[in-house]
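# Summary of structural features
What follows is each chain in one-letter form.
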Amino acid sequence: MPHTLASLVNHTALKLTVLAGEEQLHVPVRWAHASELIDPVPYMEGGELLLITALKLDAEDAEATRSYVRRIARAGVVGLGFAVGVNYEGVPQALVEAAREQGLPLLGVPRKTPFIAISKAVSAAVAADQYRAVTAGFEAQRELTRAALGAEGPAELLARLAAHLDGWAALYDASGAVVAAAPDWAARRAARLAEDVGRLRERPAPASSVVSDTDGDDRVELQSLGTGRRARGVLAVGTAAPLGTAERFAVHSAVALLTLTTERSRALQDAEARLGAAVLKMLLAGEPDHARAVAGRLYGGLLDAPFRVVVAEPVPAEEQAPAAGGAVVPGGLDALADAMDSAAARTGEALLAVPDGGRLIVLVADGGAAAAACAAHAAEAESRAESRAGARPRARGRAGRGAGARGGTVAVGLSAPTGPMAAAHAYRQAEQALSVARRRGRALVEHEDVAAGSVLPLLADDAVRAFADGLLRALRDHDATGRGDLVASLRAWLARHGQWDAAAADLGVHRHTLRYRMRRVEEILGRSLDDADVRMELWLALKATSAPEAGSGPPPSP
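Remember, predicted model here, so these are calculated numbers, not experimental data. (Residues numbered from 1 in each chain as written. Predicted model: local features only at pLDDT ≥ 70, side-chain atom pairs only at ≥ 80, totals over all residues. Heavy atoms only, no water.)

V279, L283, L303, F307, V309, L352 and L363 are the most contacted members of the largest nonpolar core, which has 27 residues in total. When residues of this core are traced back to their parent elements, those giving at least two are α9 (266-284), α10 (288-303), β11 (307-314), β12 (352-356), β13 (359-365) and α13 (423-440). Among the elements that take part in this core, α13 stands out by supplying eight residues, more than any other. Every residue in contact with V309, bar those within four places of it in the chain, is listed here: I361, V362, L363, G413, L414, S415, A423, A426, Y427 and A430. (Core = buried A, V, L, I, M, F, W, Y, C linked by side-chain atoms within 4.5 Å. Buried < 20%, exposed > 50% of the residue type's maximum accessible area, 1.4 Å probe, protein only. Helix = DSSP H or I, 4+ residues; strand = E, 2+ residues; numbered from the N terminus. Contact = heavy atoms within 4.5 Å.)

Moving on, we get to the packing of helix α16 (residues 486-495) against helix α18 (residues 511-525). Relative placement of two packed helices is described by the angle separating their axes and the distance separating the axes. Running from N to C, α16 and α18 point in directions that differ by 105 degrees, and their axes come no closer than 10 Å. Relative to α18, the element α16 is oriented roughly perpendicular. In this structure, α16 uses L486, S489, L490 and W493 to contact α18, whose residues at the interface are L514, R517, M518, R520, V521 and I524. For the contact of α16 with α18, the per-class residue count stands at seven nonpolar, one polar and two charged. (Axes fitted to C-alpha atoms, helices over the stretch in contact; angles between N-to-C directions. Parallel < 35°, antiparallel > 145°, perpendicular 65-115°, else oblique. Nonpolar A, V, L, I, M, F, W, Y, C, P; charged D, E, K, R; others polar.)

What follows covers unusual backbone geometry. Negative phi is the rule for most residues except glycine; trans is the rule for most peptide bonds. In the segment running from A182 into P183, the intervening peptide bond is cis, with an omega of -10 degrees. The phi dihedral of K15 is positive, around 55 degrees, even though this residue is not glycine. Structurally, the position occupied by K15 is in the loop between α1 (5-9) and β1 (17-20). We classify K15 as exposed; its relative accessible area is 57%. Even without being a glycine, H497 presents a positive backbone phi close to 55 degrees. Relative to the helices and strands, H497 resides in the loop between α16 and α17 (500-507).

A word on the confidence of the model for the chain. Looking at the chain as a whole, its pLDDT mean stands at 83, while 86% of the residues score no less than 70. Note that residues 320-330 has pLDDT below 50 and, in this model, 20 contacts with residues that lie over four places away or in other chains. Note that pLDDT drops below 50 for residues 548-558; the model gives that stretch 13 contacts with residues more than four away or on any other chain. (pLDDT = per-residue confidence, 0-100.)

For the rest of this paragraph, the subject is the pattern of salt bridges. A side chain of one charge can pair with a side chain of the opposite charge if their charged atoms are brought near each other. Counted by the stated rule, this structure contains 21 salt bridges. Measuring nitrogen to oxygen at the nearest pair gives 2.4 Å for the salt bridge that ties R438 to E313. Of the two residues, R438 sits in helix α13 while E313 sits in strand β11, which places them 125 residues apart along the sequence. You can call E313 buried: its relative accessible area is 16%. A salt bridge links R359 to E431, with the nearest nitrogen and oxygen atoms 2.8 Å apart. Note that R359 is positioned in strand β13 and E431 in helix α13, a separation of 72 residues in sequence. Through salt bridges that share partners, E313, R359, E431 and R438 make up one connected network. (Salt bridge = Lys/Arg side-chain N within 4 Å of Asp/Glu carboxyl O.)

In a beta sheet, neighbouring strands pair by backbone hydrogen bonds and run either parallel or antiparallel. Here we have five strands laid out as an open sheet, ordered β12-β13-β11-β14-β15, and mixed in their pairing. Of all strands in the sheet, those with a lone pairing partner are β12 and β15 (444-446), marking the two edges. The mean angle between the axes of side-by-side strands here comes to 15 degrees, regardless of whether they run parallel or antiparallel. The pairing of β12 with β13 spans five bridges and is antiparallel. Bridging across to β13, A353 finds its partner in V362. (Pairing = 2+ DSSP bridges.)

Here the focus is the environment of L257. Considering the arrangement of structural elements, one finds L257 in helix α8 (residues 245-262). Overall, L257 belongs to the buried group, its relative accessible area being 14%. The spatial distance from the C-alpha of L257 to the C-alpha of T145 is 7.0 Å, given a sequence separation of 112 residues. Once residues lying within four places of it in the same chain are set aside, the contact partners of L257 are L144, T145, A148 and L157.

With that out of the way, let us pick up the environment of P288. By the secondary structure assignment, P288 is in helix α10. Residues P288 and G419, spaced 131 residues apart in sequence, show a C-alpha to C-alpha distance of 9.1 Å. In this structure, P288 is in contact with L283, P420 and M421, ignoring residues within four places of it in sequence.

To continue, consider the sheet that holds strand β10 (residues 233-239). Read from one edge to the other, the open sheet built from five strands follows the order β7-β6-β10-β9-β8, with strand pairing classed as antiparallel. A strand with exactly one partner marks an edge of an open sheet, and here the two such strands are β7 (178-182) and β8 (208-211). Each neighbouring strand pair of the sheet contributes to a mean axis angle of 15 degrees, computed without reference to strand direction. The pairing of strand β9 (residues 219-225) with β10 spans seven bridges and is antiparallel. Each residue of the ladder has a partner; that of L222, found in β10, is A236. Contacts between helix α7 (residues 194-201) and the sheet are confined to β6 (168-172), β8, β9 and β10, with β9 contributing the most and set at about 35 degrees to the helix.

We now examine the side chain of D479. Structurally, D479 is set in helix α15 (residues 462-480). Among buried charged residues, D479 stands out as having no salt bridge; its nearest opposite-charge side chain is R476, 6.6 Å away. Once residues within four sequence positions are removed from consideration, D479 is found in contact with G484, D485, L486 and V487. (Lys, Arg positive; Asp, Glu negative; His and termini not counted.)

For the rest of this paragraph, the subject is α10. Here α10 contains 16 residues, and its C-alpha end-to-end distance of 9 Å is more than 12% below the 22 Å for a straight helix at 1.5 Å per residue. If you look at α10, its biggest bend is around 130 degrees, right at G296. Three or more residues of α10 are buried, namely P288, A291, A295, Y299, G300, L302 and L303. (Expected span 1.5 Å × (residues − 1). Bend = angle between axes of the 7 residues up to and from the residue.)

Turning to α13, a few remarks are in order. With 18 residues, α13 extends 26 Å between its outermost C-alpha atoms, agreeing within 8% with the 26 Å of an ideal straight helix rising 1.5 Å per residue. Regarding α13, the residues found buried are A423, A426, Y427, Q429, A430, A433, L434, V436, A437 and R440. Immediately downstream of α13, the backbone of G441 shows phi near 70 degrees, a positive value.

Structure follows, in structure tokens:
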């Protein structure tokens, strides 16, 4: 407990009397200081008990006394001690009234009580309070250390910390998700701080912040965990009042312990990365048996069940849909890797992630938490892009389907489920899906979607459109002169697989007219419609020049 004016008044050896401000005796006293200056304010820090004999102050002058008391009260002085029987036989009434007006406690100090006795009493109390705080802090550190080493790990540590603070505590992982909280209800409170946690994670660790604009009545502090460029997690603590010395010591101990549990050694991370790269290289080289042998316990479980290959690469800033004010939304491969890694860690599933130049290659369990986190990350990126572009959200089917404005910070290709024997083929599938994602401006495309869908959306490419326009330009120029509708006739004839009567009926013309038009098409293009390759090229050119933008829906049936 901090030393207060009340404890000084109750100190039997000091024999102090209360003359004014009785209702403020609960205020803590940081120090006791004697000063006879008319204006001691420049030398005050706040929280002091000021001791005076009124050697220079005319304590019987009401105006001078009122001005003096007003100045020291505004400076944060918590009490005024007046020596009785030194310069004045009693306490001047003007001083008493001025203290009452300001609500400032006024203590009468008897002649037999030297000021130094009061200073010693305050000093001893402050030292005792600091000793109690340090002792409590060390005890909290021991409790938290035992909790961190226990079977429950961070969950028990948070429970002990919350009890010590008489508040709540929560732990966020590298992706910003709440992984543990104490008491249980604190998880809901912590979830509302996602934006504040996100801003703190963008700063190099260690970093901290105080959340002032909160939905609750508590005071929340956020502390990042980690020692590198990126935070490996965030600790949040909520209390009814600012942290004291003992509470602050406990929080710092928790930060150190949680950093040790969440930030593995750099050497271990490097070793795991090298091992993962070796396993992936062997899989892509068609050596599954060697890959299994090298994977061991770390990645062996991942290879024993169907897995998917994820290939992701950043989207150049100029291709991202700008946010309000033209800014580009931060994120990229780091955010995607954090999301998948955190999801896998929460469920205990294996994850093999290998940076490859500017790409990220990941092996994830089919149907696992990491694969779901990848799809959710992509869906969120597309949703943000649609919001920034003002686009109306389109209906989505399977994870990763649906068009999105070009606005994600990464493009992701996802293979079909596979095993170690076909890992190289799955990698090619993921690369193909990634290529489609880049072409369509999508955050994620699954190879199964590409294989099951139509080839026509792949025609939504500038190079393909340029080829199609060039191939059909002569026919369109002919039609523009009003000498016939060759393009529509060609489309109808190809759609009817060269059946003259059916195509002519669709156009509402005689079949001889249609035959004449097709001869004109051959003459203008200098190519024979009897050639299957020519018919294929013309049909794809017609579809490419009339196809909707990528992702706006299925192309019309011929």
